[in-house]
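Observations on chain architecture
Below are the chains, spelled out letter by letter.
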Amino acid sequence: MRTIRRMPAGQVVPEAPAPTDGSNGPGGPDASGPVTQTGGDGGRLTRGNKIVLGVFFAFLVILVVGSLVHLPYAIMSPGPIVNTLGKQPSNGKDVPLIRVEGLPSYPAEGSLDFTTVRVEGGPGYPVDVWDVLQAWIDPARDVLPVDEVFDPSVTEQQVAEENAVQMAGSQEEATAVALRAIGKTVPAHVAIAQIAPASKAKDVLKVGDRLVKVGATTITSPQDAREALQEVTAGDTVTMVIERGGKTSTVKVPTITGQNGRTALGVVLGLDHDFPAKITIDAGSVGGPSAGLMFSLGIYDKLTPGSLTGERNIAGTGTISDDGTVGPIGGIRQKLAGARGGGADYFLAPADNCNEVVGNIPDGLEVFKVTSFDDAKTAVESIAAGKTGSLPRC
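Residues numbered from 1 in each chain as written. Predicted model: local features only at pLDDT ≥ 70, side-chain atom pairs only at ≥ 80, totals over all residues. Heavy atoms only, no water.

1. Side note on the overall build of the protein
Scanning the protein from terminus to terminus reveals 9 helices and 22 strands. Considering the protein as a whole, with its 394 residues, one finds that 38% of them fall into the buried category. For the protein, the exposed surface amounts to about 21700 Å²; the carbon and sulfur share of it is 53%. (Helix = DSSP H or I, 4+ residues; strand = E, 2+ residues; numbered from the N terminus. Buried < 20%, exposed > 50% of the residue type's maximum accessible area, 1.4 Å probe, protein only. Areas by Shrake-Rupley, 256 points an atom, 1.4 Å probe, with all protein chains shown as cover.)

What follows is the structure in structure tokens.
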């Protein structure tokens, strides 16, 4: 927030009144009689003062107008980094960001930080002329047309809901990947993660419903469901078998016309797992899917004896899929800057972001490219051992 401070235009100090007893002040009577005081400009502004005031008020007007004019841009800036092995404030107490119930867990030292990007200019957060000018001259920030960052048809609430769904999905898949890495069996099911306001299925389906069949197709992946829907004309109903609360039922669900004229349900599909333990991740108000890789490493470190990091400060980013594949993210340049600014010495970057990494690595930060959870785990172990010479870099 900007504070516009108004400076006083100046003060005029009045002359002392003439004595009324014929004296010339405390020194006694003067034979020449009363003295009439003359001189001064009567408090009028000089030409120079008028110019200064004119410039000041012109600047003030420009400042105010610039803060009122909103521009169709989004600004991406480095955000804070958060240690997945550390603690987060919750209800007035500091609690572990990752908590494990139902399986042995172990102390973990060092840092496995997920990185964030602060985005201004989306729905509900417009930017003004001065925001954009400041961002343009800051090499760690990017200014982009807002339509390249946000769907122009969505609201602030919809953006927040989508980010929350993506964050929940990243935590779900990170947990599955980490548990499988220690040898646990984790079955996955396709489920309803979100229902769009335009969907006609909202009176039949609920968030959390697992899809068993769509038409005659048994569903084992979200792609199975999307392809099976194309057997139905958009606007017609489709017969589905769903599981809710452990019970299966057959329902008829109305469809709508989706992107590119395809038949759709108007829902977001995700994965729901049968976990052998309860693992809770408290990431605060951060949203989106890009912390998945670092969550999976943090959970794995908590579930295995010893320190995976060797007490090193390691940051990174990347989505994580159910099979352990690391995917690209946005804002890699800001995340590199934020990681180094937060004290990280090493950074794990998705291989598909390497073209943006090159030329944007802050001094003192070593960056290693990864394509999977196994790649990332190997990189962290090598960093901990001080043997990074053979690790792939961007």
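2. Here's the deal with the state of the cysteines
Applying the stated criterion across every chain yields a total of 1 disulfide. Each sulfur in the disulfide pair Cys354 and Cys394 lies 2.0 Å from the other. Here the disulfide of Cys354 and Cys394 is left-handed, its torsion about the S-S bond being about -65°. Residue Cys354 is located in helix α8 (residues 354-357), and its partner Cys394 is located in the segment after α9 (373-385); the two are separated by 40 residues in the primary sequence. (Disulfide = S-S within 2.5 Å.)

3. Comments concerning the packing of helix α4 (residues 156-181) against helix α6 (residues 292-303)
Running from amino to carboxyl end, α4 crosses α6 at an angle of 40°, the nearest separation of the two axes being 8 Å. Viewed along their axes, α4 and α6 adopt a mutual orientation that is oblique. Judged by the sense of rotation from one axis to the other, the crossing of α4 with α6 is right-handed. Two secondary-structure elements touch here, α4 through Met167, Ser170, Gln171, Ala174, Thr175, Val177, Ala178, Leu179 and Ala181 and α6 through Gly292, Phe295, Ser296, Ile299, Tyr300 and Leu303. Across the contact of α4 with α6, the residue classes tally to 10 nonpolar, 5 polar and no charged. (Axes fitted to C-alpha atoms, helices over the stretch in contact; angles between N-to-C directions. Parallel < 35°, antiparallel > 145°, perpendicular 65-115°, else oblique. Left-handed = near helix turned anticlockwise from the far one by under 90°. Contact = heavy atoms within 4.5 Å. Nonpolar A, V, L, I, M, F, W, Y, C, P; charged D, E, K, R; others polar.)

4. Description of the pattern of salt bridges
Where side chains of opposite charge bring their charged atoms close, a pairing between them can arise. As enumerated under the stated definition, the model contains 10 salt bridges in all. Close ionic contact of Arg210 with Asp272 constitutes a salt bridge, the shortest N to O distance being 3.0 Å. Remark: Asp272 occurs in strand β16 (residues 267-273) and Arg210 occurs in strand β10 (residues 210-214); sequence separation between them is 62 residues. Taking the shortest distance from any N to any O, the salt bridge between Glu366 and Arg393 comes out at 3.0 Å. Taken as a pair, Glu366 in strand β22 (residues 366-370) and Arg393 in the segment after α9 lie far apart in primary sequence, 27 residues in all. (Salt bridge = Lys/Arg side-chain N within 4 Å of Asp/Glu carboxyl O.)

5. Comments concerning α9
Taking 1.5 Å as the rise per residue, α9 with 13 residues should run 18 Å; its terminal C-alpha atoms sit 18 Å apart, in good agreement. Taken together, the buried positions of α9 are occupied by Phe373, Ala376, Lys377, Ala379, Val380, Ser382 and Ile383. Taken from the residues just after α9, Gly386 is the one with a positive phi, measuring 70°. (Expected span 1.5 Å × (residues − 1).)

6. With respect to the packing of aromatic side chains
By the definition in use, this model includes 4 aromatic pairs. Considering the side-chain rings of Tyr300 and Phe373, the 5.8 Å spacing of their centres and the 70° angle between planes classify their relative orientation as edge-to-face. Of this pair, Tyr300 sits in helix α6 while Phe373 sits in helix α9; the two residues are 73 residues apart in sequence, bridging distant segments of the chain. Taken individually, Tyr300 and Phe373 each receive the classification buried, so the pair is uniform in this respect. Geometrically, the ring pair formed by Tyr346 and Phe368 is stacked, given 6.5 Å between the ring centres and 20° between the ring planes. (Phe/Tyr/Trp six-rings, centres within 6.5 Å; stacked < 30°, edge-to-face > 60°.)

7. Structural notes on the nonpolar core
Counting residues in hydrophobic clusters, the biggest one holds 42 residues, and the most contacted among them are Leu112, Phe114, Leu293, Phe295, Leu297 and Leu348. Take this core: its biggest share by element is 7 residues, from α6. Judged by nonpolar contacts, the second largest core, of 18 residues, contains Ile192, Leu211, Val232 and Val238. (Core = buried A, V, L, I, M, F, W, Y, C linked by side-chain atoms within 4.5 Å.)

8. So, a nonpolar patch on the surface
Where nonpolar side chains cluster on the molecular surface, the patch consists of Leu133, Trp136 and Ile137 and spans about 370 Å² of accessible area. Looking at the secondary structure, you find Ile137 in the loop between α2 (129-136) and β8 (142-145). Ile137 sits in the exposed class, given a relative accessible area of 71%. (Patch = residues over 30% accessible without salt bridge, like charges linked within 9 Å, V, L, I, M, F, W, Y side chains within 5 Å.)

9. Here's the deal with the side chain of Lys335
Note that Lys335 resides in helix α7 (residues 332-341). No salt bridge is formed by the buried Lys335; its nearest oppositely charged neighbour, Glu356, is found at 10 Å. A distance of 3.2 Å separates the side chain of Lys335 from the side chain of Thr317, its partner in a polar contact. Contact partners of Lys335, with chain neighbours within four places excluded, come to Thr115, Thr116, Val117, Ser290, Thr317, Ile329, Gly330 and Phe347. (Lys, Arg positive; Asp, Glu negative; His and termini not counted. Polar contact = N/O pair within 3.5 Å; in protein donor to acceptor, adjacent residues only side chain to side chain.)

10. Some thoughts on the confidence of the model for the protein
In this model, the protein carries a mean pLDDT of 86, and residues with pLDDT of at least 70 account for 83%. A low-confidence stretch, residues 1-39 stays under pLDDT 50, and its non-local contacts, those more than four residues away or across chains, total 22 contacts. (pLDDT = per-residue confidence, 0-100.)

11. Description of α7
With 7 of 10 residues buried, α7 lies mostly within the body of the structure. For α7, the complete set of buried residues consists of Ile332, Arg333, Gln334, Lys335, Leu336, Gly338 and Ala339.

12. Here's the deal with the sheet that holds β8
With mixed pairing, the 6 strands of this open sheet are ordered in space as β8-β2-β6-β18-β21-β22. Looking at the sheet topology across the chains shown, the edges are occupied by β8 and β22. Across the sheet, the axes of successive neighbouring strands diverge by a mean angle of 35°, strand direction being ignored. In terms of strand pairing, strand β6 (residues 111-120) meets strand β18 (residues 313-316) through 4 bridges, oriented parallel. Note on β18: the bridge partner recorded for Phe114 is Gly316. Contacts between α6 and the sheet are confined to β6, β18, β21 (346-350) and β22, with β6 contributing the most and set at about 155° to the helix. Packed onto the sheet, α9 meets β6, β18, β21 and β22 and runs at close to 165° relative to β21. (Pairing = 2+ DSSP bridges.)

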